[in-house]
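An overview of the molecular structure
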Amino acid sequence: MASLAGTTISIASRPWHSLPAAKEFSSLKSISFSSIRKSFPAIRLRPASSRLQICCAAKSDTLEKVLKIVKKQLAVPEGTAVTAESKFSELGADSLDTVEIVMGLEEAFGISVEEESAQKIITVQDAADLIQELVEAKTC
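Here the structure is a predicted model, which means the values were calculated and not measured.

Looking now at the side chain of threonine 123. Mapped onto the fold, threonine 123 is located in the loop between α4 (115–119) and α5 (124–139). Dropping the residues within four chain positions of it, threonine 123 is found in contact with Ala84, Glu85, Ser86, Lys87 and Phe88.

Here it is in structure tokens:
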């Protein structure tokens, strides 16, 4: 699986503010695309630096480990489908369950998740992406 972390794409032919589409994007805080494919990159526009950045979503092994932890913490019955798009609320998780899932992820990956970041986790993919980001930040 390819990783493009840290790669930046800049538009250098004309100033950013003179691009026809720039006016449409100037008020956006972020842009993201999702796909069913595991290797589809996430694309984010950060207006502060006026650059388009591409970074890969969580690696498949990270996602699989997160899926395993979520299934274990929520005691999901065998045969119940849990995917990256599964919402914790749809799996029957309440706020205490979510805290326990985050604690399990912190222990399994050797990281610490800020409370503010943990509150933004809605799906299994959100959790996997956050974990991937924290693991990569820890190793840098």
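Despite not being glycine, alanine 75 has its phi angle at roughly 50°, a positive value. As for its position among the elements, alanine 75 is in the loop between α2 (60–73) and α3 (95–109).

Turning to the packing of α2 against α5, a few remarks are in order. It is the contact of α2 with α5, at a shortest axis distance of 9 Å, that shows an interaxial angle of 125°. Taken together, the axes of α2 and α5 are oblique relative to one another. Between α2 and α5 lies a crossing whose hand is right-handed. Between α2 and α5, the contacting residues are Thr62, Leu63, Val66, Leu67 and Val70 on the first element and Val124, Gln125, Ala127, Ala128, Ile131 and Gln132 on the second. Class assignment for the residues of the contact of α2 with α5 results in eight nonpolar, three polar and no charged.

Okay, the pattern of salt bridges next. This structure, assessed with the given rule, holds one salt bridge. A salt bridge links glutamate 116 to lysine 120; the shortest N-O distance between them is 3.9 Å. The exposed category is assigned to lysine 120, whose relative accessible area is 57%.

So, about the environment of valine 82. Within the secondary structure, valine 82 sits in the loop between α2 and α3. For valine 82, a relative accessible area of 8% translates into the label buried. Between the C-alpha atoms of valine 82 and valine 70, which are twelve residues apart in sequence, the distance is 8.7 Å.

Another point: α2. With 14 residues, α2 extends 20 Å between its outermost C-alpha atoms, agreeing within 8% with the 20 Å of an ideal straight helix rising 1.5 Å per residue. Of all the positions in α2, only Thr62, Leu63, Val66, Leu67, Ile69 and Val70 are classed as buried. For α2, the buried positions fall inside an angular range of 165° around the axis, keeping them on one side. The exposed residues of α2 that point more than 90 degrees off its buried face are Asp61, Lys68 and Lys72. Next to the buried residues of α2 lie α3 and α5.

So, about the nonpolar core. By size, the foremost hydrophobic cluster in this structure holds 25 residues, and its most contacted members are Val66, Phe88, Leu105 and Val124. When residues of this core are traced back to their parent elements, those giving at least two are α2, α3 and α5. If near-sequence neighbours (up to four positions away) are discounted, leucine 105 is found in contact with Val66, Ile69, Gly110, Ile111, Ala127 and Ile131.

Compared with the 22 Å implied by 1.5 Å per residue over 16 residues, the 23 Å span of α5 between its first and last C-alpha is a close match. Regarding α5, the residues found buried are Val124, Ala127, Ala128, Leu130, Ile131 and Gln132. Where the residues of α5 are buried, they touch α2, α3 and α4.

About the cut-offs
- Residues numbered from 1 in each chain as written.
- Predicted model: local features only at pLDDT ≥ 70, side-chain atom pairs only at ≥ 80, totals over all residues.
- Heavy atoms only, no water.
- Helix = DSSP H or I, 4+ residues; strand = E, 2+ residues; numbered from the N terminus.
- Contact = heavy atoms within 4.5 Å.
- Axes fitted to C-alpha atoms, helices over the stretch in contact; angles between N-to-C directions.
- Parallel < 35°, antiparallel > 145°, perpendicular 65-115°, else oblique.
- Left-handed = near helix turned anticlockwise from the far one by under 90°.
- Nonpolar A, V, L, I, M, F, W, Y, C, P; charged D, E, K, R; others polar.
- Salt bridge = Lys/Arg side-chain N within 4 Å of Asp/Glu carboxyl O.
- Buried < 20%, exposed > 50% of the residue type's maximum accessible area, 1.4 Å probe, protein only.
- Expected span 1.5 Å × (residues − 1).
- Arc of directions from axis to C-beta.
- Core = buried A, V, L, I, M, F, W, Y, C linked by side-chain atoms within 4.5 Å.

Everything listed here is a matter of geometry and, on its own, says nothing about what the molecule does.
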